[in-house]
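# Breakdown of the fold
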Amino acid sequence: MSTPIIAIDGPAGSGKSTVARALAHALGWSFLDTGAMYRAVTCEALARGLDVHDHEALAQLAAHIRINTLPRVSVDGRDVEDDLRSDAVNAAVSVVAANPKVRETMVGRQREFAALQEHGTVVEGRDITTVVFPNATLKVFLTASLEERARRRDDESEHSVARRDEADYSRSASPLRQADDALVLDTTGRTIDDVVGEIIQCLKNTDS
Ligand code: CDP
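In what follows, the accompanying structure is described.

Thresholds, definitions, all that
- Residues numbered from 1 in each chain as written.
- Predicted model: local features only at pLDDT ≥ 70, side-chain atom pairs only at ≥ 80, totals over all residues.
- Heavy atoms only, no water.
- Helix = DSSP H or I, 4+ residues; strand = E, 2+ residues; numbered from the N terminus.
- Buried < 20%, exposed > 50% of the residue type's maximum accessible area, 1.4 Å probe, protein only.
- Contact = heavy atoms within 4.5 Å.
- Areas by Shrake-Rupley, 256 points an atom, 1.4 Å probe, with all protein chains shown as cover.
- Lys, Arg positive; Asp, Glu negative; His and termini not counted.
- Charge placed at Lys NZ, Arg CZ, Asp CG, Glu CD.
- Salt bridge = Lys/Arg side-chain N within 4 Å of Asp/Glu carboxyl O.
- Polar contact = N/O pair within 3.5 Å; in protein donor to acceptor, adjacent residues only side chain to side chain.
- Pairing = 2+ DSSP bridges.
- Near = heavy atom within 4 Å.
- 1 Å grid on protein atoms, 1.4 Å probe; cavity = no way out; pocket = protein on both sides within 12 Å on 5 of 7 lines; lining within 4 Å.
- Sits in = over half its atoms within 2 Å of the grid points.
- Nonpolar A, V, L, I, M, F, W, Y, C, P; charged D, E, K, R; others polar.
- Axes fitted to C-alpha atoms, helices over the stretch in contact; angles between N-to-C directions.

## Quick notes on the overall build of the protein chain
- Counting secondary structure elements, the protein chain contains 9 helices and 8 strands.
- Looking at the protein chain as a whole, 50% of its 208 residues qualify as buried.
- Look at the contacts in the protein chain between residues 6 or more apart in sequence, and 75% of them connect residues 24 or more apart.
- Carbon together with sulfur atoms contributes 50% to the accessible area of the protein chain, which is approximately 10000 Å² in total.
- Charge-centre separation for the protein chain: the mean point of 24 positive side chains lies 1 Å from the mean point of 33 negative side chains.

Listed below in structure tokens is the structure:
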């Protein structure tokens, strides 16, 4: 029997990574940051001087590199964690993430990762509740005002956050959208503990 999955989606800066990590810690489950995987592919493409609009080259790259996200993000064993949030990656990641072949490879690896975990997995991204794990134990959609989201991302301008949101919502391959049966939480002005507590309560209600 497969282990439980909490799937979390939402736009940039909605609190997904922080909440998902804290939730995984509280439950003793594994955590998967799928955005880090798209960022790692982007980082590697830029390091190799590839044109991120070259769909076939990016598809080949994604299929052939090994990405680890824990304890730090690495590509073929090389630590890239400190490069993941550069302006260059912020500017190019939405293009890479809109590539259907890149997505297909990443989705396969995300499912494999969850299947190997002993207890349960908290997975966060843009298409986790809709495409990757549509039958997750619990689905959550996090939101927050653009102003607050940009404030939380102090390494990225409000303009860049808004541009990435627009690209993620409007692309044809697995666009960001709210699953019909997701628990929708607006995290504006709320603490991490408060949001994590609400999700755990909801998980308990799902169990009973
Ligand atoms: O942390 P933040 O929310 O700013 O972004 P992220 O989760 O690191 O994701 C970076 C980018 O990867 C997003 O803007 C999406 O374009 C893409 N992404 C995606 O398409 N699908 C996912 N499951 C996760 C991220």
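Once you've had a look at it, read on.
## Observations concerning the side chain of arginine 39
- Among the structural elements, arginine 39 can be located in helix H2 (residues 34–47).
- Comment: no salt bridge for buried arginine 39; closest opposite-charge side chain is glutamate 156, at 4.7 Å.
- Among the polar contacts listed, one links the side chain of arginine 39 to the side chain of asparagine 90, at a separation of 2.9 Å.
- Apart from residues no more than four positions distant in its own chain, arginine 39 is found in contact with Leu84, Arg85, Val89, Asn90, Val93, Arg153 and Arg164.

## Concerning helix H4 (residues 87–97)
- Of all the positions in H4, only Val89, Asn90, Ala92, Val93, Ser94, Val96 and Ala97 are classed as buried.
- The inward-facing, buried residues of H4 abut H2, helix H3 (55–64), helix H5 (100–116) and helix H8 (158–170).

## As for the sheet that holds strand E4 (residues 74–75)
- Taking strand neighbours across the sheet as the criterion, the 3 strands line up as E3-E4-E5 in an open arrangement whose pairing is antiparallel. A strand with exactly one partner marks an edge of an open sheet, and here the two such strands are strand E3 (67–68) and strand E5 (78–79).
- One ladder, built from 2 bridges, connects E3 with E4; its direction is antiparallel. Within E4, the residue paired with asparagine 68 across the bridge is serine 74.

## Here's the deal with the site of the ligand
- Taken together, the neighbourhood of the ligand is formed by 20 residues, with Arg39, Arg103, Arg153, Arg164 and Asp168 sitting nearest.
- The side chain of lysine 16 places a nitrogen or oxygen atom 3.0 Å from an oxygen atom of the ligand.
- At a separation of 2.9 Å, a nitrogen atom of the ligand approaches a polar side-chain atom of threonine 34.
- Notes on the ligand: free accessible area 530 Å², of which the protein chains cover 98%.
- One can see that the ligand is located within the largest pocket.
- Of all the elements in the fold, those that place two or more residues in the shell around the ligand are H2, H4 and H8.
- For the shell around the ligand, the element with the most residues is H2, which contributes 4 residues.
- Residue classes in the shell around the ligand are distributed as 5 nonpolar, 5 polar and 10 charged.

## Section: the sheet that holds strand E6 (residues 121–125)
- In spatial order, the strands read E2-E6-E1-E7-E8; together these 5 strands make up an open sheet with parallel pairing. Two strands bound the open sheet, and with one partner strand each, they are strand E2 (30–33) and strand E8 (183–186). Each strand of the sheet is rotated relative to its neighbour by a mean of 20°, with strand direction disregarded.
- Note that strand E7 (residues 138–143) and E8 share 4 bridges and pair parallel. Bridge pairing in E8 places valine 140 opposite leucine 183.

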